[in-house]
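What follows is the residue order along each chain.
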Amino acid sequence: MDVKASVDEHPADPSPRSYPAMVELLRRGRLDPARLGSWSVADVEGWLLDEAVGEDDLLMLYQGFVWRLVAAGLPIVRASLHVGTLHPQLFGYAWNWNSDDGLCDEVKVDESVLATDAYRRNPLFAVIEKGERIRALTDDAAAADSPLLRDLRDKGMTQYIALPLRAHGAYHNAATLATRQAGGFSTAQSDRMEALLTLFALHVERHIESRISENIVTTYLGEQAGRQVVAGSIKRGAGTPIDAIIWASDLRGFTELADRFDERALTSVLNIYFDQLVDAVMDHGGEVLKFIGDGLLAVFPFDAFTARGDAADAAIKAAESALGALENLNRNPDALPGVTGWQPLRTGIALHRGEVFFGNVGSPRRLDFTVIGKAVNAASRVEGLCKTTGQPLLVTDAVRVLSRREFDSLGRFALKGLDEALEVYAPTPEA
């Protein structure tokens, strides 16, 4: 059945659909329920076992599922789906549907939500953390202690249901339903919804396992490399040549730090150091490829920018932003509680332009997705000149000719492994 549906990749977030700071609106779905026609509970079950299997977008799947429940006569006016994930910063994702505006929002939830009083007082806490089932009438005396249930009562809703939603595993999955029907959902309606949600849970597991795999891959490989691996680029030699600005950087005095600190303290120093560089690279459109001890390799691919000059300028601004962030860090004596004597942190950053191979390198039994090529070697060699020249940021002529910035030449240098001497420059400080 052709059902009109759409997803807004850049949704507005007007009141009253506002979210707290730890929740970010990602996408917004819309579906025309008039195109669905008449459905029965058996029809919904058949759809879950057949057509829904081919849907690869969980936002589209979930809003289609809820609208079909409504079309089958179930008096749902508000519903949500909550799934946990495996990610260093995220607690999970949620999809919030409401019949009043006909929208379904996809949001991501930061790990920091776990420490909030609002989360612990939400009925979802007991469902997600303990696997409890919640069936609450909003006019019960006990509902007065819950801000969520009071809010639902004020909006005319009579009952709120929250159920654990797991096919297997221990991830935090839950579904909620609310109605304005007098007296709440009937027992028969509740039984039908729970049976269909049990079947729908199989789809949720399928989608969330795929999302967890993507999160893991992109966390360790980066967005661009991760997408290629998830798309099937996993054979040795598979990859693509890319033209990019290459970033190579190195922490100054790392050997001396390693001699003075134990492994735990040294790891804390490296983490806070990399925080400054990685944020700067990613905030300016770059892609972090690899950490090599205290070194960092990143790229600013030309195809990610409108013009090549934009990529060059973005890389330079990212480097200057990273250097500024390190200076601010060095002025903060409380940045690393329990670790003393690590300041100041200094780095050397080199930017070079060239074509490199972006793909799988290694053994069939153990692969690495990275960039290789003469341009990578040149960037690494130029980074070593930061010590010689006393400059924290150097660019080659290949970058200079693309940039709109002004530069000061530091001369030509013969570098090991390179056929020709390279002229290197330091950006002239902007007024």
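See the structure printed just above.
Procedures and definitions
- All residue numbers here refer to positions counted from 1 along the written sequence of the relevant chain.
- The model is predicted, so local features are restricted to residues of pLDDT at least 70 and side-chain atom pairs to those at 80 or more, both for listing and for counting; the totals for chains, interfaces and linings are taken over all residues.
- Neither water nor hydrogens contribute to the side-chain values; these are computed over all heavy atoms in the structure.
- For the purposes of this entry, the term helix denotes a DSSP run of H or I that reaches at least four residues, the term strand denotes a run of E that reaches at least two, and both are numbered from the N terminus.
- Only protein chains enter the accessibility calculation, which uses a 1.4 Å probe; a residue whose area is less than 20% of its type maximum is buried, one above 50% is exposed, and one in between is partly exposed.
- The contact criterion used throughout is that any non-hydrogen atoms of two residues lie within 4.5 Å.
- All accessible-area figures derive from a Shrake-Rupley calculation using a 1.4 Å probe, and residue coverage is judged against the displayed protein chains alone.
- Pairing of aromatic rings covers Phe, Tyr and Trp, the last counted by its six-membered ring, and requires centre-to-centre distances within 6.5 Å; plane angles under 30 degrees mean stacked, over 60 mean edge-to-face, and any other angle means tilted.
- To get an axis, a line is fitted to the C-alpha atoms, and for a helix only the part in contact is used. The angle between two axes follows their N-to-C directions and goes from 0 to 180 degrees.
- Throughout, the term roughly parallel applies to angles under 35 degrees, roughly antiparallel to angles over 145, roughly perpendicular to angles from 65 to 115, and oblique to all others.
- By definition, any crossing whose near helix is turned counterclockwise from its far helix by less than a right angle is left-handed, and any crossing with a clockwise turn is right-handed.
- Under the convention adopted here, Pro, Cys and the residues Ala, Val, Leu, Ile, Met, Phe, Trp and Tyr are nonpolar, Asp, Glu, Lys and Arg are charged, and Gly plus all remaining residues are polar.
- Salt bridge criterion: a side-chain nitrogen from Lys or Arg within 4 Å of a carboxyl oxygen from Asp or Glu.
- This arc describes the spread of directions from the helix axis toward the C-beta atoms.
- Definitions used throughout: a 1 Å grid over protein atoms alone; a cavity as a set of points that fits a 1.4 Å probe which cannot get out; a pocket as an open set with protein on both sides within 12 Å along at least five of seven lines; a lining residue as one with an atom within 4 Å of a point.
- Grid points are joined across faces, edges and corners, and a volume is the space filled by probe spheres set on the points.

Chemist: Explanation requested: the overall build of the protein chain in the structure shown.
Modeler: Scanning the protein chain from N- to C-terminus turns up twelve helices and 16 strands. Per-residue burial over the protein chain gives 49% buried out of 431 residues. Of the contacts formed within the protein chain by residues at least 6 apart in sequence, a portion of 63% connects residues at least 24 apart. Carbon and sulfur atoms form 50% of the exposed surface of the protein chain, whose accessible area is close to 21,000 Å².

Chemist: Even after reading the chapter, I still don't get the packing of aromatic side chains, so can you show me in this structure?
Modeler: The geometry of an aromatic ring pair is captured by two quantities: the separation of the ring centres and the angle between the planes. What the rule picks out here adds up to seven aromatic pairs. Measuring from centroid to centroid gives 4.3 Å for Phe-65 and Phe-200, while their planes differ by 5°, and the two rings are stacked. Of the two residues, Phe-65 sits in helix H2 (residues 58–71) while Phe-200 sits in helix H6 (residues 187–221), which places them 135 residues apart along the sequence. The exposure class assigned to Phe-200 is buried, which follows from its relative accessible area of 0%. With 6.5 Å between their ring centres and 70° between their planes, Phe-407 and Tyr-425 make a pair best called edge-to-face. Of this pair, Phe-407 sits in strand S15 (residues 407–413) while Tyr-425 sits in strand S16 (residues 422–427), and the two are 18 residues apart along the sequence. Relative accessible area serves as the criterion here: at 14%, Phe-407 is assigned to the buried category. Relative accessible area serves as the criterion here: at 8%, Tyr-425 is assigned to the buried category.

Chemist: Honestly, the packing of helix H1 (residues 41–49) against H2 in this entry has me stumped. Any pointers?
Modeler: Helix packing geometry: the angle between the two helix axes and the distance between the axes. At a minimum axis separation of 10 Å, H1 and H2 run at an interaxial angle of 165°. Considered as vectors, H1 and H2 are oriented roughly antiparallel to each other. Considering the relative orientation of H1 and H2, their crossing is right-handed. Between H1, through Val-44, Trp-47 and Leu-48, and H2, the contact on the second element is made entirely by Leu-61, Gly-64, Phe-65, Arg-68 and Leu-69. Of the residues that constitute the contact of H1 with H2, the class distribution is six nonpolar, one polar and one charged.

Chemist: Would you explain the pattern of salt bridges in this entry?
Modeler: Two side chains with opposite charge may pair up if their charged atoms get near one another. What the rule picks out here adds up to 22 salt bridges. Arg-346 serves as the salt-bridge partner of Glu-327, at 2.3 Å between the closest nitrogen and oxygen. Taken as a pair, Glu-327 in helix H10 (residues 308–330) and Arg-346 in the loop between H10 and strand S12 (347–363) lie far apart in primary sequence, 19 residues in all. Accessibility expressed as a relative area gives 33% for Glu-327, which makes it partly exposed.

Chemist: Looking at this structure, I do not really get the packing of helix H9 (residues 263–283) against H10. What am I missing?
Modeler: Their axes nearest at 8 Å, the elements H9 and H10 cross at an angle of 150°. Here H9 lies roughly antiparallel to H10, going by the angle between them. H10 is crossed by H9, and the crossing has right-handed handedness. Residue-level contacts link Ile-272, Tyr-273, Gln-276, Leu-277, Ala-280 and Val-281 of H9 to Ala-318, Ser-321, Ala-322, Ala-325, Leu-326 and Leu-329 of H10. Across the contact of H9 with H10, the residue classes tally to ten nonpolar, two polar and no charged.

Chemist: I tried to follow helix H5 (residues 147–154) on my own but got confused; where do I start?
Modeler: Residues spaced three or four apart along an α-helix point in a common direction, a consequence of the helix completing one turn every 3.6 residues. Every buried residue belonging to H5 is among Leu-148, Leu-149 and Leu-152, and all of these are buried. The arc that holds every buried residue of H5, seen down its axis, measures 95°, which confines them to one face. Contacts from the buried residues of H5 go to strand S3 (78–84), helix H4 (123–130), strand S6 (134–137) and strand S7 (159–164). Backbone geometry just after H5 places Gly-156 at a positive phi near 90°.

Chemist: It is not clear to me how unusual backbone geometry should be interpreted in this structure. Could you clarify?
Modeler: In terms of backbone geometry, most residues other than glycine have negative phi values and most peptide bonds are trans. Pro-344 follows Gln-343 through a cis peptide bond whose omega is 0°. Turning to its location among the elements, Pro-344 is positioned in the loop between H10 and S12.

Chemist: Explanation requested: the layout of surface pockets in the structure shown.
Modeler: Its boundaries defined by the atoms lining it, the second largest pocket holds a volume of some 1,200 Å³. Along the wall of the second largest pocket there are 42 residues; nearest its centre are Tyr-19, Arg-78, Asn-96, Asn-122 and Leu-148. When residues of the lining of the second largest pocket are traced back to their parent elements, those giving at least two are S3, strand S4 (90–98), strand S5 (103–110), helix H3 (117–121), H4 and H5. When residues in the lining of the second largest pocket are grouped by element, the largest group, seven residues, is from S4. For the lining of the second largest pocket, a count of residues per class yields 22 nonpolar, eleven polar and nine charged.

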